[in-house]
Amino acid sequence: MDDAIWQAVRLTLVLATTTTVVLLVLGTPLAWWLARPGGWWKEAVAAVVSLPLVLPPTVLGFYLLLMLGPNGPGGWIARSYGANTLAFTFEGLVIGSVIYSMPFVVQPLRNAFEAFGERPLEVAATLRAAPVDRFFSVAVPLARPGFLTGAVLGFAHTVGEFGVVLMVGGSIPGETKVLSVQIYDYVETLQWRQAHLIAGGMLVFSFLAILAMMVIDKRLRRRRH
Amino acid sequence: MTALFGPSGCGKTTVLRCVAGLQRVADGYLAIDGEVWQDARSFRPVHRRAIGYVFQEPSLFAHLSVRSNLAYGLKRTRTAPVIGFDEVAALLGLGHLLDRAPAQLSGGERHRVAIGRALLSQPRLLLMDEPLSGLDTLAKQEILPYLERLHGSLSIPVLYVSHDIAEVERLADHLVLMASGRVQTEGPLMELQADPRLALARMRQTSVALAATVEAYDGEYGITTLAVDGGHLMVPGRFGQAGTTRRVLVAASDVSLSPQPPTDSSILNSLVCRIVEAERQDDLQMTVVLRLGLRGQGAGVLARITRKSWDRLNLGVGLQVYAQIKSVALIGAGAATDAPDARKTGQGTAPGPVRAGR
């Protein structure tokens, strides 16, 4: 197998891992906040988070490109450390992936937080647990299936993204050329063998990821009931 | 133990949630034992209130073992624990369940764990919201003795919400009657039960609880003499050492009245008393309030008699009569200590109230 493929595999895994970690860190408080009772504006925020589900990736990518580019907020941030733009960089790709995969992490987490209701938290409060304590000792463990689903979906979805990557990342080997873009290149240049290799590999990976998630999820649920 | 009693939806649970701080009423004021927990300017959050709360459903933490559920509150108390883990496990019979997951427990066991968990958080006030309502009769009979024992052995005041008068009669010392969001009246259980103006006395199965002290035991016939305020009751069976306090329940339908002292009767208990009030129940029946003792100075008892008898015997308020009590039920803290023995020797199946009489 040639080095280009390995490079793309490594880059894709690093990108997906980074994105998933960032999403769990940002998505957990967001999902928690969305799961608490509140007004209509919470639903508005939830709708914004869910936009990538329905928006064409190229539309999302277009706006991201403007934001990350030299004249957007991304450009200002980049200038603070001497660069010119966040577009066509690995960092820019992480930001794009985080936004693109956000609903796949936030939604399962929100569902999990909503599933056990207010009662366990009330019980914890009457047992002297302060709010932060309640969150970590009761809400997080009870939402474990949601964390698992969110992490797997977020990871797999980032591995599979194409449109956004192409718009904000371009196709720089080792920097932004992930597997899905690599396939596109191979097909365009009629290198069928390599395209087959990556496509088949990603098919198997996706199947295994979903299967593992379902099996573990079932285990977790069975232990409770 | 103070019971909040009233029909569903009358606001009992809301009162409890407000005391716990789970719910906040505007311009409310709440002080417990001299500490202000809520007034116009301050509101103490739930986790800073020294309460234990037993919810209607046991609501155990599904991700923790029984042991960790019990220890959850204990670990978080600021003061040195007064109620110990082993003590609670023994009191509630949880020793063999500690390593199980909540999913592996029966309904009654879950309720016991929930009660233990609340106790171990070292509450100065225990709040119980119908802790037995979700249970079937058998599981209820399993928990009640534990609740009675708790009442007997720990000196924590309890606010107990219930709409089941049988639980209240068995457990409560003090009663708060509620209806549509307001307190109707409150007072010692035994006083309120004997008040014919209250809904309690009008219920079909009405009875009055009496505080009784074991006075003597007649070994030949197996009869225990109990002293109640204003008289004595004789009941078959042995109910502890002299001086033991018990609670007896006298059902209004088990009391019949006679103007003269009855001479020949198989009924053991015939107590002199005075009629203090009488109220027509319906076309057929009267509810008569009696006070035991020659001058009517003792405890109150209710009698349910027919209107025909009332007129035929020429009864009236202020008259001295003899109350014949067909049977009394022994309940209360003492019954629980006997229950495990009774189970061991196979004398009784469920540790419910001991019916004794005739």
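How each quantity is defined
- Throughout this description, residue numbers start from 1 for each chain and increase along the sequence as written.
- Lettering of chains starts at A and numbering of ligands starts at 1, both following the order in which they are written.
- Only residues with pLDDT of at least 70 are given local features in this predicted model, and only at 80 or more are side-chain atom pairs given and counted; all residues enter the totals for whole chains, interfaces and linings.
- The basis for every side-chain value is the complete set of non-hydrogen atoms in the structure, without hydrogens or water.
- Put simply, DSSP H or I for four residues or longer makes a helix, DSSP E for two residues or longer makes a strand, and each gets a number counted from the N terminus.
- The buried label applies to any residue whose accessible area, calculated with a 1.4 Å probe on protein chains only, is under 20% of its type's maximum; exposed applies above 50%, and partly exposed to all values in between.
- For this analysis, residues touch if any pair of their heavy atoms sits within 4.5 Å.
- Areas reported as accessible are Shrake-Rupley estimates using a 1.4 Å probe. Residue values count occlusion only from the protein chains shown.
- In this tally, Asp and Glu contribute negative charge and Lys and Arg positive charge; neither His nor the terminal groups of the chain are included.
- Each charge is placed at NZ for Lys, CZ for Arg, CG for Asp and CD for Glu.
- If DSSP finds at least two bridges between two strands, the strands pair.
- Here the axes come from fitting lines to C-alpha atoms, over the contacting stretch only for helices, and the angles between their N-to-C directions go from 0 to 180 degrees.
- Only protein atoms enter the 1 Å grid used here, on which a cavity is any set of points holding a 1.4 Å probe that cannot leave and a pocket is any open set flanked by protein within 12 Å on both sides along at least five of seven lines; residues with an atom within 4 Å of a point are listed as lining.
- Grid points are joined across faces, edges and corners, and a volume is the space filled by probe spheres set on the points.
- Each residue is assigned to one of three groups, with Ala, Val, Leu, Ile, Met, Phe, Trp, Tyr, Cys and Pro labelled nonpolar, Asp, Glu, Lys and Arg labelled charged, and all others, Gly among them, labelled polar.

Student: Please provide a residue-by-residue account of the overall build of chain A, values included.
Tutor: When you go through chain A residue by residue, the secondary structure sums to 11 helices and 0 strands. Taken from the N to the C terminus, the helices and strands of chain A come in the order α-α-α-α-α-α-α-α-α-α-α. When each of the 225 residues of chain A is scored for burial, the buried share is 46%. Sequence-distant contacts in chain A: of pairs separated by 6 or more residues, those separated by 24 or more amount to 72%. Accessible surface, chain A as shown: approximately 11300 Å² in total, 71% of it carbon and sulfur. Mean positive and mean negative side-chain charge positions of chain A (17 and 13 charges, respectively) differ by 12 Å.

Student: Account for the overall build of chain B, naming residues and giving values.
Tutor: Of regular secondary structure, chain B possesses 10 helices and 19 strands. Considered along the principal axes of its C-alpha atoms, chain B spans approximately 65 × 55 × 35 Å. Burial status across chain B gives 52% buried among its 358 residues. Within chain B, counting contacts between residues at least 6 apart in sequence, those at least 24 apart form 65% of the total. For chain B, the exposed surface amounts to about 16600 Å²; the carbon and sulfur share of it is 50%. Taking the average location of the 39 positive side-chain charges in chain B and that of its 34 negative ones, the two points are 4 Å from each other.

Student: Explain the sheet that holds strand 8 (residues 182–188) of chain B residue by residue, including any values.
Tutor: All names here are of chain B. Spatial ordering of the open sheet is given by 4-5-6-1-7-8, a layout of 6 strands whose pairing is mixed. Strands with a single pairing partner mark the edges of an open sheet, and in this sheet they are strand 4 (51–54) and strand 8. With strand direction ignored, the average angle separating the axes of adjacent strands in the sheet is 15°. Two strands pair when backbone bridges link them, and strand 7 (residues 174–179) and strand 8 are joined in this way by 6 bridges, in the antiparallel orientation. The residue of strand 8 that forms the bridge with histidine 174 is proline 188. Of the strands in this sheet, strand 1 (2–5), strand 4, strand 5 (125–129), strand 6 (158–162) and strand 7 touch helix 1 (residues 12–20), which is tilted by about 145° from strand 5.

Student: Give a description of the environment of A:Pro145 that names residues and reports values.
Tutor: Residue and element names in this part refer to chain A. With respect to the element layout, proline 145 can be found in helix 8 (residues 144–160). Overall, the relative accessible area of 7% leaves proline 145 in the buried class. If we skip the residues at most four places from it in the chain, proline 145 touches Asp217, Leu220 and Arg221.

Student: Explain the sheet that holds strand 17 (residues 320–325) of chain B to me, and be specific about the residues and the numbers.
Tutor: All names here are of chain B. Taken together, the 5 strands give an open sheet; going across it, the order is 13-17-14-15-16, and neighbouring strands pair in antiparallel fashion. In the strand order of this sheet, the two ends are held by strand 13 (255–258) and strand 16 (300–306), each with one partner. This sheet shows a mean twist of 45° between the axes of neighbouring strands, independent of strand direction.

Student: Any details on empty space enclosed by the protein? Residues and values, ideally.
Tutor: Residues and elements named next belong to chain B. A complete count under the given rule lists 1 cavity of 30 Å³ or more for this structure. In this structure, the largest cavity encloses a volume near 30 Å³. Lining of the largest cavity is provided by Leu119, Leu126, Leu150, His151, Leu154, Ile156 and Val158. Taken together, the residues that form the lining of the largest cavity break down as 6 nonpolar, 1 polar and no charged.

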